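Structural features, examined
Take a look at the letters that make up each chain.
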Amino acid sequence: MTLIEIRGLTKRYGPVCALDGLTVTVRPGRVTGFLGPNGAGKSTTMRILLGLDRPTSGTALVGGRPYASFAEPLRHVGALLDASAAHPARTARDHLLTLALSNRIPARRVDEVLEETGIAGAARRRVRTFSLGMRQRLGLAAALLGDPPVVLLDEPANGLDPEGILQLRRLARRLAGEGRTVLLSSHLMGEMARTADHLVVLGRGRLLADAPLDEFVGGSASLEEAYFALTAGSAEFTHQEGTPS
Ligand code: ADP
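Residues numbered from 1 in each chain as written. Predicted model: local features only at pLDDT ≥ 70, side-chain atom pairs only at ≥ 80, totals over all residues. Heavy atoms only, no water.

Section: the confidence of the model for the chain
Basically, it comes down to this: What pLDDT reports is the predictor's confidence in each residue, on a scale of 0 through 100. Only heavy atoms matter for contacts: two residues are in contact if any of them lie within 4.5 Å across the pair.
On average, residues of the chain score 93 in pLDDT, and 95% of them reach the 70 mark or higher. Predicted confidence is poor over residues 238–243, with pLDDT under 50, and the contacts of this stretch with residues over four places away or in other chains come to six contacts.

Here you go:
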């Protein structure tokens with residue numbers, strides 16, 4: 001049972017306050033949807049959780065420890081982030097083998113995750129020949145490689161076809177069913193409504209909601225309607241000039 005514990009997390013980029021004292025706990029055994037308008041701070045939270053960025057203040061722990069303290073991090077946290085791109089000249093299999101090796105994960109696990117994510121047939125192709133959807137599948141394969149108790153997925157549906165999106169939903173549900181902690185960001189509200197058990201909603205770097213999906217939707221006609229009612233006015237570009245994230 002591995003928790004993600006975020007306490008008083010603040011991140012400033014010069015004048016921009018990307019996270020403003022965020023405190024939230026993400027629990028195992030369920031899919032937690034991570035929602036918020038562009039610029040709300042979702043990616044920043046995930047990057048800090050993965051030690052890719054330092055907080056200005058506050059802490060982000062996985063199983064009580066900072067990510068940077070794990071000698072074999074892929075065994076603790078699997079992540080699919082835009083930034084987790086593979087080297088274009090490598091084959092998909094070699095990319096995964098390199099990751100496996102550096103985390104003492106057996107090579108047979110590479111073939112398992114290639115199968116699991118539907119890219120076994122392309123295992124020996126160079127990543128540069130992959131479509132966006134195939135790259136996402138490869139990113140998912142990398143996230144699953146270490147059989148981690150915590151999985152972070154930042155907009156994993158990007159570039160996936162409808163079949164891929166359905167597979168992703170089943171995968172997220174299965175991972176949660178196995179007792180893992182699954183944090184999933186997506187702008188696809190219909191898909192989120194079918195996948196998540198629980199929602200964490202950010203707006204301008206602050207926590208707007210932390211509630212079970214049913215409770216969040218409440219009397220609204222849909223998740224989309226409840227979400228827009230909550231976040232109206234907190235979209236980055238309704239109140240300030242800036243560059244899209
Ligand atoms: P989200 O993932 O919810 O769209 P982000 O975490 O990407 O939000 O961004 C939060 C805010 O931080 C935005 O205003 C964004 O422009 C800003 N930001 C994110 N990364 C950087 C960076 N490396 N440098 C400057 N500003 C950044």
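A closer look at the environment of Ala226
The cut-off we apply is this: Helix and strand definitions follow DSSP, with helices as H or I runs of at least four residues and strands as E runs of at least two, each counted in order from the N terminus. Only protein chains enter the area calculation, which uses a 1.4 Å probe; residues under 20% of their type maximum are buried, those over 50% are exposed, and those in between are partly exposed.
With respect to the secondary-structure elements, Ala226 resides in helix H8 (residues 223–231). The exposure class of Ala226 is buried, given its relative accessible area of 8%. On a C-alpha basis, the gap between Ala226 and Phe216 in space is 7.1 Å, while along the polypeptide they are 10 residues apart.

Digging into empty space enclosed by the protein
Convention followed: Of the grid points, spaced at 1 Å and generated over the protein atoms alone, those admitting a 1.4 Å probe that cannot get out make up cavities, while open sets with protein on both sides within 12 Å along at least five of seven lines make up pockets; any residue with an atom within 4 Å of a point is treated as lining. Grid points are joined across faces, edges and corners, and a volume is the space filled by probe spheres set on the points. Classification used: nonpolar for Ala, Val, Leu, Ile, Met, Phe, Trp, Tyr, Cys and Pro, charged for Asp, Glu, Lys and Arg, polar for all others including Gly.
This model, assessed by the stated rule, comprises one cavity of 30 Å³ or more. The calculated volume of the largest cavity comes to roughly 80 Å³. Considering the residues around the largest cavity, the lining is formed by Pro156, Ala157, Ile165, Leu168, Arg169, Leu184, Ser186, Glu191, Met192 and Thr195. Only helix H5 (162–177) and helix H6 (189–195) provide two or more residues apiece to the lining of the largest cavity. Residue classes in the lining of the largest cavity are distributed as six nonpolar, two polar and two charged.

Digging into the nonpolar core
Under the convention used in this document: The set of buried Ala, Val, Leu, Ile, Met, Phe, Trp, Tyr and Cys residues whose side-chain atoms join them within 4.5 Å is what this entry labels a nonpolar core.
By size, the foremost hydrophobic cluster in this structure holds 49 residues, and its most contacted members are Leu35, Leu96, Leu138, Leu199, Phe216 and Leu223. In this structure Leu199 touches Gly33, Leu35, Met192, Ala209, Asp210, Ala211, Leu213, Phe216 and Leu223, once residues within four positions along its chain are discounted. Listed in part, the 25 residues of the second largest apolar core include Ile6, Ala40, Val77 and Ala79.

What about the packing of helix H2 (residues 92–102) against helix H3 (residues 108–116)?
Rules: The angle between two axes is taken between their N-to-C directions and runs from 0 to 180 degrees, where each axis is a line fitted to C-alpha atoms and a helix contributes only its stretch in contact. Relative orientations are named as follows: roughly parallel for angles under 35 degrees, roughly antiparallel for angles over 145 degrees, roughly perpendicular for angles from 65 to 115 degrees, and oblique for any other angle. Less than a right angle of anticlockwise turn of the near helix away from the far helix marks a crossing as left-handed, whereas a clockwise turn marks it as right-handed.
Packing of H2 against H3 brings their axes to within 9 Å, and their N-to-C directions diverge by 130°. Our classification of the angle between H2 and H3 gives oblique. Of the two possible hands of crossing, H2 and H3 adopt the one that is right-handed. Across the interface between the two elements, Arg93, Leu96, Leu97 and Ala100 of H2 pack against Val110, Asp111, Val113 and Leu114 of H3.

Points about the pattern of salt bridges
What counts, and what does not: We define a salt bridge as a contact between a side-chain nitrogen of Lys or Arg and a carboxyl oxygen of Asp or Glu at a distance within 4 Å.
As enumerated under the stated definition, the model contains 16 salt bridges in all. A salt bridge links Lys11 to Asp53, with the shortest nitrogen-to-oxygen separation between them at 3.4 Å. Of this pair, Lys11 sits in strand S1 (residues 4–13) while Asp53 sits in the loop between helix H1 (42–49) and strand S4 (57–62), and the two are 42 residues apart along the sequence. As far as burial versus exposure is concerned, Lys11 and Asp53 are alike and both buried. The residue Arg109 makes a salt bridge to Glu112 at a minimum N-O spacing of 2.8 Å. Residue Arg109 and its partner Glu112 are located together in helix H3, separated by three residues, close to a single helical turn. Given a relative accessible area of 14%, Arg109 falls into the buried group. Looking at Glu112, the relative accessible area reads 36%, which means it is partly exposed. The network of salt bridges with common partners includes Glu116, Asp147, Arg174, Glu178 and Arg180.

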